[in-house]
Structure formats: structure tokens, C-alpha cells
Amino acid sequence: DSRFCITFPLEVSLSSVTSLVENHVKKIFWVLAATRIKVWNLSSYRVPTDPSILALRPDRLGDFILSTPALRELEKRAGPGARLTIVSGERNADIAQFFFPKARVLVFRKSILGRLSLFARLWSGRYDVTLDFHSYPFSTTSALMTLLSGSTCRIGFLDGGGYKELSRKVFNLAVPPPRENLLEKDKSFLLVKKLFPQALSSGKSFPVPVLPREIQARVESFTQTMKLGKKDRVVGLHPTLQKEDNRWSQERYVELI
């Protein structure tokens, strides 16, 4: 009475299956949603007095930092009476509030309840303009937030791939796809200049507001411990990217240093 057990290698992880299903669900949702989106294309747009502006930058810390000069120019051009709302990621919330103390900062959280809460707040808000700084490559999540805002003017990059037609519906004041390898800072300025053609984009520095006292104390302690003078240069590395396809090993960072 023999018994045989045959095993097969299972190379598809649960996370990859979940991701695959999620991507298919997103595509089906957007195919159906695209038929319901009301489109009115804008060749230009006149910004109202004291506008309510929504800026979407819910992704990585580095991308937010690189968009800071464009966000500053946006805030400046909109005028002192403008109401600026910034959607940032969880890791960016503090830095967003630091650079833009007058702005309202909403946090994009990855949990289902966190997303639904944010979507509800955007849907109940009143915005004249939405700029999606996370629109290239095309993001279905930020595109949904753009539509939920109910903005008359929606600015973002057109997609050159499978979401080309959908991006035309989402962004009624669209910017052509940027050239490959264009710096994130320059891409962000393209969006601002679509709204304010006279916006300046020549700034090379990142003006930092006055640091809190506790941060100043930590910086001074670091410089004293490392015996750094005014002529010494410091390079800061931020090896915390969580995407596996972009992640470096510790050995590579040591090699870079």
C-alpha cells in the first residue's frame, strides 16, 4: 500500500498575487470611471482672487523636497489671500508644515481607513485649482484625489502609455509628458508655469525657514562633535527608500562614501 506525495514549487508569493489583483481591479475601475468623467477642456485659466489651491505630493520625502521651490513659487504667485492645501505622505507631513506653515497639510496614509478619510475630506472641500505633482508617471491614486477635489482647473502631466486617454480626462489643463531624466524640481515648475506662465523657475537654492531651537541645538552639537568648521563641506545620504527595485545595499553606500 504505497503512498506518494508530489510537490510543486510555489514561486508566486501572497503579496505579489495581492498586488496583481489590486492592479487589475484598478484598471477595471478606471475603465468604468472614465466613461462617467465629465470633461471640459481648458486652453487657459484665469486664477480667481484669493483662490483655494490643492497641491498633491503624497509620495517620497526626496520628491517632496525637490518640489519645494515650485510649491514656494505657487504660494507666492497665488497671493497672500490664497488658501493652499498640501496633501503629503506620512513621512513628509512634518517637513511640509515646516516649509509651508500657512498651508493646510493633509496626510495620505496607506491604510484603507486612512485613505477613505482623506478622500472624504477632499470630496467635501472646495478647491478652485488642483495641481498633481505626482502625475508622472501616471498615478491612479493621485488622479482619483484630483477628481474628488471637484476643482474647475485640474493640472497634471499627460500619460504617454496605457493611461493616455484617461489622463486627458482627469487633467483638463494638461502638460505634455516631460522628457526623460528631467529633474523632479524642473518637472514641478512646469506644472506651476501652466497655471502662472510668469512664474520664475531659475532658483537653484532651497531657502530654509528659521529652524526650531531644538533642531539648531542638534546641528550645533553635531558640528562640534565632528569638529566641523565653516569651510568644511558635509554630504548627507538618505538611504531609506523602501522600493526593492531601487534599494541599494549598505555596501554600495559605503562604496559611494
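Data block above holds the structure.
Residues numbered from 1 in each chain as written. Predicted model: local features only at pLDDT ≥ 70, side-chain atom pairs only at ≥ 80, totals over all residues. Heavy atoms only, no water.

A tally of helices and strands in the protein chain yields 9 helices and 6 strands. Here the protein chain holds 257 residues, and the buried ones make up 34% of them. If you take every contact in the protein chain between residues at least 6 apart in sequence, the share linking residues at least 24 apart comes to 63%. For the protein chain, the exposed area adds up to about 17500 Å²; of that, 56% sits on carbon and sulfur atoms. (Helix = DSSP H or I, 4+ residues; strand = E, 2+ residues; numbered from the N terminus. Buried < 20%, exposed > 50% of the residue type's maximum accessible area, 1.4 Å probe, protein only. Contact = heavy atoms within 4.5 Å. Areas by Shrake-Rupley, 256 points an atom, 1.4 Å probe, with all protein chains shown as cover.)

What follows is about the nonpolar core. Leu 74, Val 129, Leu 131, Phe 133, Ile 155 and Leu 195 are the most contacted members of the largest nonpolar core, which totals 29 residues. Elements with a minimum of two residues in this core: strand 1 (52-57), helix 2 (61-78), strand 2 (83-89), helix 3 (93-99), strand 4 (129-132), strand 5 (153-157), strand 6 (173-175) and helix 7 (184-195). Of all the elements, helix 2 adds the most residues to this core, at 5 residues. Discounting chain neighbours no more than four positions away, the residues touching Leu 195 are Tyr 45, Val 47, Leu 74, Val 129, Leu 131 and Ile 155. Leu 56, Val 87, Phe 108 and Leu 118 belong to the second largest nonpolar core, which has 10 residues in total. (Core = buried A, V, L, I, M, F, W, Y, C linked by side-chain atoms within 4.5 Å.)

Turning our attention to a nonpolar patch on the surface. Taken together, the side chains of Val 235, Leu 237, Trp 248, Leu 256 and Ile 257 make up a nonpolar region of the molecular surface, amounting to roughly 560 Å² of accessible area. Within the secondary structure, Ile 257 sits in the segment after helix 9 (250-256). Taking relative accessible area as the criterion, Ile 257 reaches 77% and is therefore assigned exposed. (Patch = residues over 30% accessible without salt bridge, like charges linked within 9 Å, V, L, I, M, F, W, Y side chains within 5 Å. Salt bridge = Lys/Arg side-chain N within 4 Å of Asp/Glu carboxyl O.)

If you walk across this open sheet you meet the 6 strands as 3-2-1-4-5-6, and the pairing is parallel. The sheet terminates laterally at strand 3 (104-108) and strand 6, the two strands that pair on one side only. Put simply, the sheet's adjacent strands are angled 15° from each other on average, direction ignored. The pairing of strand 1 with strand 2 spans 6 bridges and is parallel. Bridging across to strand 2, Arg 57 finds its partner in Ser 88. Its contacts with the sheet place helix 2 against strand 1, strand 2 and strand 4, and it is angled at close to 170° to strand 1. Contacting strand 1, strand 2, strand 3, strand 4 and strand 5, helix 5 (residues 140-148) runs over the sheet at an angle of about 175° to strand 4. (Pairing = 2+ DSSP bridges. Axes fitted to C-alpha atoms, helices over the stretch in contact; angles between N-to-C directions.)

Before going further, it helps to spend a moment on the pairing of strand 4. Burial along strand 4 is two-sided: Val 129 and Leu 131 facing one way and Thr 130 and Asp 132 facing the other are all buried. Here strand 1 pairs with strand 4 via 4 bridges, running parallel. What sits directly across from Leu 54, in strand 4, is Thr 130. Bridge analysis of strand 4 against strand 5 gives 3 bridges, and the strand direction is parallel. Following the sheet pairing, Thr 130 is matched in strand 5 by Arg 154. Viewed along the sheet, the connection from strand 4 through helix 5 into strand 5 turns out right-handed. (Right-handed = clockwise from strand over helix to strand, strands pointing away.)

A separate point is the packing of helix 2 against helix 7. A packed helix pair is summarised by two numbers, namely the angle formed by the two axes and the spacing between the axes. Packing of helix 2 against helix 7 leaves a shortest axis separation of 8 Å and a crossing angle of 25°. By the angle class used here, helix 2 and helix 7 are roughly parallel. As for the relative orientation of helix 2 and helix 7, their crossing is right-handed in sense. Residues Asp 63, Leu 66, Ser 67, Pro 69, Ala 70, Glu 73 and Leu 74 of helix 2 form the contact with helix 7, whose own contacting residues are Glu 184, Lys 185, Ser 188, Phe 189, Val 192 and Leu 195. Grouping the amino acids of the contact of helix 2 with helix 7 by side-chain chemistry returns 7 nonpolar, 2 polar and 4 charged. (Parallel < 35°, antiparallel > 145°, perpendicular 65-115°, else oblique. Left-handed = near helix turned anticlockwise from the far one by under 90°. Nonpolar A, V, L, I, M, F, W, Y, C, P; charged D, E, K, R; others polar.)

Turning to helix 2, a few remarks are in order. Over its 18 residues, helix 2 extends 24 Å from the first C-alpha to the last, a length consistent with the 26 Å expected when each residue adds 1.5 Å. Largest kink in helix 2: about 45°, centred on Thr 68, with the proline Pro 69 one to four residues after it. Along helix 2, the residues that are buried comprise Asp 63, Phe 64, Ser 67, Thr 68, Pro 69, Ala 70, Leu 71, Glu 73, Leu 74 and Ala 78. On the buried face of helix 2, the contacting elements are strand 1, strand 2, helix 3, strand 4 and helix 7. Immediately beyond the C-terminal end of helix 2, within one or two residues, lies Gly 79, with a positive phi of roughly 100°. (Expected span 1.5 Å × (residues − 1). Bend = angle between axes of the 7 residues up to and from the residue.)

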